[in-house]
Amino acid sequence: MLIAAAEILAAGDQARDALRARLARACLAACGDAGRRLLRLADSAAGRMLLRLSEFAVLPGIAAHYGWRKRHLWRWVHDDAVAGTRQLLVLGAGFDALGPRMAARHRSLRVFEVDRPGTIAIRTRALQACGIPRSRLALRAADFAQDRLRDTLRSLGADGFDRNAPTTVVAEGLLMYLPLPAVAALYDDLRAHCRAPASVVATAMECDARGAPGFRRQRPWLQRWLARRGEPFAWGAARAQLPAVMAAAGIALRETIDPETPRDPDPCPGEWLFRGTLHR
Ligand SMILES: C[S@@+](CC[C@H](N)C(=O)[O-])C[C@H]1O[C@@H](n2cnc3c(N)ncnc32)[C@H](O)[C@@H]1O
């Protein structure tokens, strides 16, 4: 819900109709009282000020970080689509518009989105409310803490998931919530199911000097709040360890975004953005 609110704030009044903001609004509206409260805050000047103050109190720069992350991930997925990817599989799609936007941009791309049942139910209602076509966009509910991705992939066959088609697999803001064996199981199942080349785009948390995963500027109460919400970060990796950690999960890294690039620094460093390929 917070990422959706950040999308609405980033779009501002000018871009209320942009698909990103429209889907974010529809998802929040479908989220019950908490979502509607957040939407009301995002829609008033006083509410936006309160959201900015809360951001400063908990994790300064996080809203801009989401924009930065989504810009880089869009570019990588777009590059893949131009290079011949025929399927986009988004794991932990949340309330994000990457899938529908890519389907609209690339007419031969099929999009498959997976998330937990509650999120998929909200997303389904929101897509319908926005009038987003579903002819090349299929959704499935799965909880990666207990369900195997191989079962989801088999069931997506009924919606046209082709194990012989080049595929890009996105896991944005998801892997840090799963224990590392569950992360490895995700990519094992992909390797076993997909016969064509698969490109991987994902994010993972950085570790601090004591080995704790998190954002560099997070206030001490963020981890406690995430734990109370049932979403603590399960693991992280220092930059030097990331290739080995992802190799153990079956991914060969090709590129990691440098959060300190002077031209385009990460507004809230602590989450690695990387792309790679599945080990064969
Ligand atoms: C931080 S949100 C990111 C959403 C979206 N990818 C984005 O970046 O805007 C994490 C998403 O992962 C999903 N998720 C977390 N744990 C999951 C699990 N065990 N199985 C499936 N999805 C999960 C959540 O429901 C949520 O939609």
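Refer to the preceding data block for the structure.
Described below are features of the structure shown in this document. Residue positions within a chain follow its written sequence, with the count starting from 1. In keeping with the model being predicted, local features are shown solely for residues with a pLDDT of at least 70 and side-chain atom pairs are shown and tallied solely at 80 or more, while totals for entire chains, interfaces and linings include all residues. Calculation of side-chain values draws on the structure's entire complement of heavy atoms; hydrogens and water are dropped beforehand.

**Topic: the pairing of strand β1 (residues 87–91)**
(1) Moving on: β1 sits mainly inside the fold: 5 of its 5 residues count as buried.
(2) Moving on: Side chains of β1 alternate between two faces, with Gln 87, Leu 89 and Leu 91 and Leu 88 and Val 90 buried alike.
(3) Moving on: By this definition, two strands are paired if DSSP reports at least two bridges between them. Each helix is a run of H or I in the DSSP string that is no shorter than four residues. Each strand is a run of E no shorter than two, and both are numbered from the N terminus. In terms of strand pairing, β1 meets strand β2 (residues 110–115) through 5 bridges, oriented parallel. Counted as the bridge partner of Gln 87 is Arg 110 from β2.
(4) Moving on: Pairing geometry for β1 and strand β4 (residues 167–171), over 5 bridges, is parallel. The buried label goes to any residue with under 20% of its type's maximum accessible area, the exposed label to any with over 50%, and the partly exposed label to all in between, with areas taken from a 1.4 Å probe on protein chains only.

**Regarding the site of the ligand**
(1) Moving on: For each residue, the test is whether any non-hydrogen atom lies within 4 Å of the molecule or strand; if one does, the residue is near. Of all residues adjacent to the ligand, which total 19 residues, the nearest are Arg 69, Gly 92, Asp 115, Asp 143 and Glu 172.
(2) Moving on: Take Arg 116: an N or O atom from its side chain is 3.4 Å from an oxygen atom of the ligand.
(3) Moving on: Take Phe 144: an N or O atom from its main chain is 2.9 Å from a nitrogen atom of the ligand.
(4) Moving on: Using a 1.4 Å probe, accessible areas were evaluated by the Shrake-Rupley method; residue-level cover was limited to the displayed protein chains. Across the complex, the protein chains shield 90% of the 590 Å² of accessible surface that the ligand would expose by itself.
(5) Moving on: Gly falls in the polar group here, along with every residue not listed as nonpolar (Ala, Val, Leu, Ile, Met, Phe, Trp, Tyr, Cys, Pro) or charged (Asp, Glu, Lys, Arg). Grouping the amino acids of the shell around the ligand by side-chain chemistry returns 8 nonpolar, 4 polar and 7 charged. N or O atoms closer than or at 3.5 Å make up a polar contact, with two conditions inside protein: a donor-capable atom paired with an acceptor-capable one, and, for residues adjacent in sequence, both atoms drawn from side chains.

**Describing the packing of helix α5 (residues 62–83) against helix α6 (residues 98–105)**
(1) Moving on: Note on definitions: angles span 0 to 180 degrees between N-to-C directions of axes, and those axes are lines fitted to C-alpha atoms, for helices only across the stretch in contact. Closest axis-to-axis distance for the α5/α6 pair is 11 Å, and the angle between their directions is 40°. The chirality of how α5 crosses α6 is right-handed. The residues of α6 that touch α5, namely those facing Trp 74, Val 77 and His 78, are Leu 98, Arg 101, Met 102 and Arg 105.
(2) Moving on: When the residues that make up the contact of α5 with α6 are grouped by side-chain class, the tally is 4 nonpolar, 1 polar and 2 charged. For any helix crossing, the convention is left-handed if the near helix is rotated counterclockwise from the far helix by under a right angle, and right-handed if that rotation is clockwise. Two residues qualify as a contact provided that any one of their heavy atoms is within 4.5 Å of a heavy atom in the partner residue.

**Comments concerning the layout of surface pockets**
Over the atoms, a rolled probe matching the size of one water molecule traces out where space is still vacant.
(1) Moving on: Each cavity reported here is a set of points on a 1 Å grid over the protein atoms alone in which a 1.4 Å probe fits but cannot get out, each pocket an open set with protein on both sides within 12 Å along at least five of seven lines, and each lining residue one with an atom within 4 Å of a point. Grid points are joined across faces, edges and corners, and a volume is the space filled by probe spheres set on the points. Empty space within the second largest pocket amounts to approximately 200 Å³.
(2) Moving on: Lining the second largest pocket are Glu 206, Cys 207, Asp 208, Arg 210, Ala 212, Pro 213, Gly 214, Phe 215, Arg 216, Gln 218, Arg 219 and Pro 220.
(3) Moving on: By residue class, the composition of the lining of the second largest pocket is 5 nonpolar, 2 polar and 5 charged.

**What to know about the packing of aromatic side chains**
(1) Moving on: Put simply, two rings from Phe, Tyr or Trp (the six-membered ring, in Trp's case) pair if the centres are within 6.5 Å, and we call them stacked under 30 degrees between planes, edge-to-face over 60, tilted for the rest. Enumeration over the complete set of coordinates arrives at 3 aromatic pairs.
(2) Moving on: Ring geometry for Phe 112 versus Phe 161: centroids 5.1 Å apart, planes at 75°, classification edge-to-face. One end of the pair, Phe 112, is in strand β2; the other, Phe 161, is in the loop between α8 (149–156) and β4, with 49 residues separating them in the sequence.
(3) Moving on: Taking relative accessible area as the criterion, Phe 112 reaches 1% and is therefore assigned buried.
(4) Moving on: Relative to Phe 233, the ring of Tyr 177 has its centre 5.9 Å away and its plane inclined at 35°; by these criteria the two rings are tilted. Placement of Tyr 177 in the loop between β4 and α9 (180–193) and of Phe 233 in the loop between α10 (221–228) and α11 (242–248) is noted, with a sequence separation of 56 residues between them.
(5) Moving on: Classification of Tyr 177 as partly exposed rests on a relative accessible area of 32%.

**Topic: the environment of Asp 151**
(1) Moving on: Considering the arrangement of structural elements, one finds Asp 151 in helix α8.
(2) Moving on: Of the residues examined, Asp 151 reaches a relative accessible area of 41% and is grouped as partly exposed.
(3) Moving on: In the structure, Asp 151 is positioned 38 residues away from Asp 189 in sequence and 8.8 Å away in space, judged by C-alpha atoms.

**Looking at a nonpolar patch on the surface**
(1) Moving on: Patches here: salt-bridge-free residues with over 30% relative accessible area, like charges joined within 9 Å, nonpolar side chains (Val, Leu, Ile, Met, Phe, Trp, Tyr) joined within 5 Å. Salt bridges are defined by distance alone: a side-chain nitrogen of Lys or Arg within 4 Å of a carboxyl oxygen of Asp or Glu. A cluster of nonpolar side chains, contributed by Met 49, Leu 50 and Leu 53, occupies part of the molecular surface with about 320 Å² of accessible area.
(2) Moving on: With respect to the element layout, Leu 50 can be found in helix α4 (residues 45–58).

**Observations regarding the packing of helix α2 (residues 19–29) against helix α3 (residues 33–42)**
(1) Moving on: Look at α2 against α3: their axes get within 7 Å of each other, and the N-to-C directions meet at 135°. Taken together, the axis directions place α2 and α3 in an arrangement best described as oblique. Contacts between α2 and α3 involve Arg 25, Leu 28 and Ala 29 from the former and Gly 35, Arg 36, Leu 38 and Leu 39 from the latter.
(2) Moving on: Looking at side-chain class alone, the contact of α2 with α3 contains 4 nonpolar, 1 polar and 2 charged residues. Each angle gets one of four labels, with under 35 degrees taken as roughly parallel, over 145 as roughly antiparallel, 65 to 115 as roughly perpendicular, and the rest as oblique.

**Points about α4**
(1) Moving on: The length a helix should cover is 1.5 Å for every residue beyond the first. Taking 1.5 Å of rise per residue, 14 residues should cover 20 Å, and α4 covers 20 Å from first to last C-alpha, within 8% of that figure.
(2) Moving on: Taken residue by residue, α4 has Gly 47, Leu 51 and Glu 55 as its buried positions. Considered in projection along α4, the buried side chains sweep an arc of 85° and stay on one side of the axis. In α4, those exposed residues whose orientation departs by more than 90 degrees from the buried face are Ala 45, Ala 46, Met 49, Leu 53 and Phe 56.
(3) Moving on: Buried residues in α4 make contact with α1 (2–11), α3 and α5. It is the directions from the helix axis to the C-beta atoms whose arc is reported.

**A look at the sheet that holds strand β3 (residues 137–141)**
(1) Moving on: Strand order in the open sheet formed by 7 strands is β3-β2-β1-β4-β5-β7-β6, with mixed pairing between adjacent strands. This sheet does not close on itself; its edge strands, each paired only once, are β3 and β6 (251–256). Put simply, the sheet's adjacent strands are angled 20° from each other on average, direction ignored.
(2) Moving on: The strands touched by α6 within the sheet are β1, β2, β3 and β4, with β2 carrying the most contacts at an inclination of about 175°.
(3) Moving on: Along the sheet, helix α7 (residues 117–129) contacts β2 and β3; its crossing angle with β3, the most-contacted strand, is approximately 150°.

Everything listed here is a matter of coordinates, which is why it stays silent on function.
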